[in-house]
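Chain by chain, the residues:
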Amino acid sequence: MAKAPEELYQEREKRVSDAIQLKVPDRVPFLPFFSFFPAKYAGISFKEAMYDYDKLAEVSKKAIIDFQPDMYLNPYGLISVGPTLEALDYKQLKWPGHGVDPNLTYQFVEGEYMKAEEYDAFLFDPSGFMIRTIFPRICGILEPFKMLPSIPSAYYLRIVPRVAVLGIPEVAAAFKRLLKAGAEAQRMMAEARSFVEEMEELGFPTQFGSTGYAPFDYIGDFLRGTRGIMLDMYRNPDKLLEAIEKVLPIMIEGGVAAKRAGIPRVFIPLHKGAHGFMSLEQFNTFYWPTLHKLMLALIDEGLTPCPLFEGDYTDRLEIIKDIPKGKAIYSFEHTDIFKAKEVLGDRVCIRGNVPASLLCTGTPQEVRDYCKKLIDVVGRGGGFIMDGAIGIPDEAKPENVRAMADFTREYGVYH
Amino acid sequence: MIGGGQINEEIKKYTGADAYGRDAMAGVALAKEWVGG
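Here the structure is a predicted model, which means the values were calculated and not measured. Numbers given to residues run from 1 along each chain, matching the order in which its sequence is written. Lettering of chains starts at A and numbering of ligands starts at 1, both following the order in which they are written. Totals for whole chains, interfaces and linings use all residues, but because this is a predicted model, local features are given only for residues with pLDDT of at least 70 and pairs of side-chain atoms are given and counted only at 80 or more.

A. View of the overall build of chain B. Per the convention used, a helix needs a DSSP run of H or I reaching at least four residues, while a strand needs a run of E reaching at least two, with both numbered from the N terminus. What chain B contains, in helices and strands, is two helices and two strands. Counting from the amino terminus, chain B carries its helices and strands in the arrangement β-α-β-α. The C-alpha extent of chain B, read off along each of the three principal axes, is 30 × 20 × 10 Å. Three exposure classes are used. Buried residues have 20 or more other C-beta atoms within 10 Å of their own C-beta, exposed residues have 12 or fewer, and partly exposed residues fall in between, all C-beta atoms being placed from the backbone. Counting across all 37 residues of chain B, residues that qualify as buried make up 0%.

Structural data, given as structure tokens:
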């Protein structure tokens, strides 16, 4: 008799939770990180996936049912953001049908959104700086926000002239447009919640309850840009370190939101801490200390940090080993995952890393061969989760994803 | 010669490139080897 969805749901939760706790699960969990793959697989354009909430639900559901992941990635947070971004006239991203071909994935727009000489303004009051300086630069509709007064200056009767700013037609119009964007985002979030409920009824848990960011990446990606922050490590190290510390509690607060969502896993995609971006000394100075504190704070709250180590961290495995046993999932891309098993195997659950090139250009047999090696070596004794190196590429051949899924289910059983 | 963070042996074969480098410095090393500099 087929198992009831609730039973499958519990089995899948336990399978992943056993892997995290370094116990031996019934089999290797399969957690494919999908982006636009379900859209391509089901034959809709990436643009449709970004703008049409119903179609996105339909193609995501199809991929989940066809490939039976142990946990799925809620597609809304990363995909169906088109209408809201459009309403904001958002500048930090180009996306399918908006600056990028309707069938290509989105593209981050690198920039020095915060100037080197603005560190003090950020450090003095991050919220005010964000609202009056950064928002006008990254959201076209919020350009008039640079006219907004400093909030603490609205004391006693000064509140009258400060409030008067809201009556300036451009500022008033910006708020109206912002309300529209807010309503759109609410519609999207409601769809996202009902998708989670529908999948729960089908027996599938979701992977992440919230997202966190390494404080260095927050400054480097969104504010200073890669070039800016790389120079800051040499020219402005003290201000940079101060800013990173300032960001840490903000990242902890965002990560802890997972508790309210009732899903204890926190996704932390890591960008600039890899071997190709900084030396070990820089990693130890600028990157690791606050990332480490973020993960420890999440663990203290009963949550499971799930950092995705993009790029190559092979030479920094000993450093990142400093984490409480059985409390996190480390996803690896180009890091030597077999070496990672040697160094981290008794400390932390490892997730990865079928190469994107193999999934896009290889044959199902080559995919099975690679998965076999992963299960034999990294999966030995538990503590391993199967995924692509950087999730499942949008252009992956469906037969290769199927080979990966089926092989893991069959060969990944622990005896 | 092809290069970039995502390049590996499979992509080299798939594209028919003669060599690949993961970053700019690897490309410089390859070029030096090729021109004997």
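B. Representation of the overall build of chain A within the structure. Scanning chain A from terminus to terminus reveals 18 helices and nine strands. By its C-alpha atoms, chain A is 75 × 50 × 35 Å across when sized along the principal axes. Looking at chain A as a whole, 41% of its 415 residues qualify as buried. Here, residue contact means that the backbone-derived C-beta atoms of the two residues sit within 7 Å. Expressed as a percentage of contacts within chain A between residues at least 6 apart in sequence, the contacts between residues at least 24 apart total 71%.

C. Quick peek at the pairing of strand 5 (residues 265-270) of chain A. The element strand 5 of chain A is extensively covered by neighbouring structure, given that five of its six residues are classed as buried. Orienting the strands away from the viewer, one traces the path from the first strand over the helix to the second; a clockwise path indicates a right-handed crossover. Following the chain from strand 5 of chain A across helix 13 (residues 280-300) of chain A to the adjacent parallel strand 6 (residues 304-309) of chain A, one finds a crossover that is right-handed.

D. Fine view of the interface of chain B and chain A. Contacts between the two partners involve seven residues from chain B and, on the opposite side, eight residues from chain A. Taken together, the residues of the side of chain B that touches chain A break down into two nonpolar, three polar and two charged. Under the scheme applied, nonpolar residues are Ala, Val, Leu, Ile, Met, Phe, Trp, Tyr, Cys and Pro; charged residues are Asp, Glu, Lys and Arg; polar residues are all the others, including Gly.

E. Highlighting the environment of Glu318 of chain A. Residue and element names in this part refer to chain A. With respect to the element layout, Glu318 can be found in helix 14 (residues 317-320). Judged by the 10 C-beta atoms lying within 10 Å of it, Glu318 falls in the exposed class. Spatially, the C-alpha atoms of Glu318 and Pro32 are 27 Å apart, while their sequence positions differ by 286 residues.

F. Local environment of the pairing of strand 1 (residues 93-96) of chain A. All names here are of chain A. Judged from the two bridges that link them, strand 1 and strand 3 (residues 107-108) form a sheet pairing that is antiparallel. For Lys94, the partnering residue across the bridge sits in strand 3 and is Gln107. Should DSSP find at least two bridges between two strands, the strands are regarded as paired. Sheet topology note: the strand 1/strand 2 (residues 99-100) ladder contains two bridges and is parallel. By the bridge assignment, Pro96 is partnered in strand 2 with Val100.

G. Layout of the sheet that holds strand 9 (residues 384-388) of chain A. Residue and element names in this part refer to chain A. Overall, parallel pairing links the six strands, which are arranged 4-5-6-7-8-9 in an open sheet. Looking along the sheet, the strands with just one partner apiece sit at the ends: strand 4 (210-211) and strand 9. Bridge count for strand 7 (residues 329-332) against strand 8 (residues 349-354) is three bridges, and the pairing is parallel. If you follow Ile329 over to strand 8, its bridge partner there is Cys349.

H. Structural view of the confidence of the model for chain B. Residues at a pLDDT of 70 or more form 97% of chain B, whose mean pLDDT is 89. For this predicted complex, the interface score ipTM comes out at 0.74, while the overall pTM is 0.95. pLDDT is a per-residue confidence score from the predictor, ranging from 0 to 100.

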